[in-house]
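A look at the structure
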Amino acid sequence: MFFDFSLLQPLGWRHFFFRQLTLEQLERYTPARVVNLERNAVRADTGGGSFPVTLCSRLLFPDDPIARPTVGDWLLVEPGTNRAVERLERSSLIHRLRPGESSDSQAIAANVDRLLVVAALTREFNLHRIERYLVIAAQAGVTPLVVLSKADLCPDPAAVAGEVSRRLRGAGDVVALDLLRDSARDALGAWLDAGTTLALVGSSGVGKSTLLNNLAGIRRQATGATREDDDKGRHTTSSRSLHRLPGELCLIDVPGLREVGLPPVAGGVARRFAHIEALAPECRFADCTHQGEPGCAVRAAVQAGGLTADELDHYLRLQAEEAANTRRREQRSRQQDKAFGKMVRATLRAKRERQGR
Ligand SMILES: Nc1nc2c(ncn2[C@@H]2O[C@H](COP(=O)(O)OP(=O)(O)O)[C@@H](O)[C@H]2O)c(=O)[nH]1
Ligand SMILES: [Mg+2]
Ligand SMILES: [Zn+2]
């Protein structure tokens, strides 16, 4: 019996996933999208609401932790047992450096079409933090949309939006909004096709849950007393989860990330700052670091006003960070390979000795 795939379309199902299925899988399993993570299980949805799904040990303990199912992933689930046997290849993966003394990547959300980067127009506003998210989006190959919230608290939101827009260089869009009054759907409409999956990131308190509720059509009173029960029926964030919104939108809400370390893979910085990297071949020295060498085309662009000193400076810092994280991860995996080889040799030796050879 074949499953009715039209049920999955509002959940973001598309040809990219369908074409990964074999005929046998089509007959035996049901695709389900992960909407929530639990300790040794997940909650997933096949279009009719979420239910608990257990993961087979191969999915639970993959060689690379980044392969473990995360929010937004598509799984193949055995009806009856609700056991997931397979994770489908991802169309995109938003990830960052795992916080702490780590050289690993940490998955944030899978199969994301657009990254909504939320930043509040308050004193904490920080262009460099937004730019970090832009690198993470570029790394994942996902278009960023910057939402500048609390526009009502800023004397000139358009000026800040213009500054962010110049930094984006057409690689995404930016809007400034009072999330308590403006309609986010009107402002972001062009980006919200049916079947789109958005992931919502930003520091704690910037208005992510307010944006989610705004998009869901649940608007809180802009004025008036706040009572405890005002929060009833609202979406609030305790853990990462995928919400289904009207208009066949999926939105993955990510609770405030304190650290936004660049993942230990090359590519994000080069892609985000392609306009700077494109100048480098014009520098006099092939290994120019753009830090004061004569004949530097990148410095020349700063002089000519095509690039700000701040953008160049931040690019150089992010490039160094990405390179350091990548190097550290490579070193770590070489050490692990060595340790594994040693263990295998010791096991073989012990076996030979037992067999008296
Ligand atoms: N004035 C104003 N307050 C906002 C706006 N957006 C969110 N807030 C308030 O900021 C606080 C934090 O919002 P919340 O959505 O919980 O932030 P989150 O931690 O990113 O999910 C709440 O009290 C919101 O009512 C806005 O555009 N203008
Ligand atoms: Mg929240
Ligand atoms: Zn140079």
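This section reports on the structure supplied with the text. (Residues numbered from 1 in each chain as written. Chains lettered and ligands numbered in written order. Predicted model: local features only at pLDDT ≥ 70, side-chain atom pairs only at ≥ 80, totals over all residues. Heavy atoms only, no water.)

1. Side note on the nonpolar core
Grouped together as the largest cluster of nonpolar side chains are 65 residues, with contacts concentrated most on Val146 and Leu148. It is helix H4 (residues 127–140) that provides the largest number of residues to this core, a total of eight residues. Judged by nonpolar contacts, the second largest core, of 22 residues, contains Ala184, Leu198, Val206 and Leu251. (Core = buried A, V, L, I, M, F, W, Y, C linked by side-chain atoms within 4.5 Å. Buried < 20%, exposed > 50% of the residue type's maximum accessible area, 1.4 Å probe, protein only. Helix = DSSP H or I, 4+ residues; strand = E, 2+ residues; numbered from the N terminus.)

2. Considering the packing of aromatic side chains
Aromatic ring pairs are defined here through the distance separating the ring centres and the angle between the ring planes. Within the structure shown, the criterion is met by seven aromatic pairs. A ring pair is formed by Phe5 and Phe18, whose centres lie 5.1 Å apart and whose planes are at 90 degrees; its orientation type is edge-to-face. Of this pair, Phe5 sits in the segment before helix H1 (15–18) while Phe18 sits in helix H1, and the two are 13 residues apart along the sequence. We classify Phe5 as buried; its relative accessible area is 15%. A residue is classified by how much of its surface remains accessible, and Phe18, at 32% relative accessible area, is partly exposed. On the basis of an interplanar angle of 85 degrees and a centroid distance of 5.2 Å, the ring pair of Phe16 and Phe17 is categorised as edge-to-face. (Phe/Tyr/Trp six-rings, centres within 6.5 Å; stacked < 30°, edge-to-face > 60°.)

3. Details of the packing of H4 against helix H11 (residues 309–354)
Two numbers describe how H4 lies on H11: the axes approach to 11 Å, and their chain directions differ by 50 degrees. By the angle between their axes, H4 is oblique relative to H11. For the pair H4 and H11, the crossing hand works out as right-handed. Each of His128, Glu131, Arg132 and Val135 in H4 lies in contact with H11, whose residues at this interface are Asp310, Glu311, His314, Arg317, Leu318 and Glu321. (Axes fitted to C-alpha atoms, helices over the stretch in contact; angles between N-to-C directions. Parallel < 35°, antiparallel > 145°, perpendicular 65-115°, else oblique. Left-handed = near helix turned anticlockwise from the far one by under 90°. Contact = heavy atoms within 4.5 Å.)

4. Re the environment of Arg271
Relative to the elements of secondary structure, Arg271 occurs in helix H8 (residues 268–272). In this structure the C-alpha to C-alpha distance between Arg271 and Val35, which are 236 residues apart in sequence, comes to 30 Å. Residues within four places of Arg271 in sequence aside, it is in contact with Ala138, Gln139 and Gly141.

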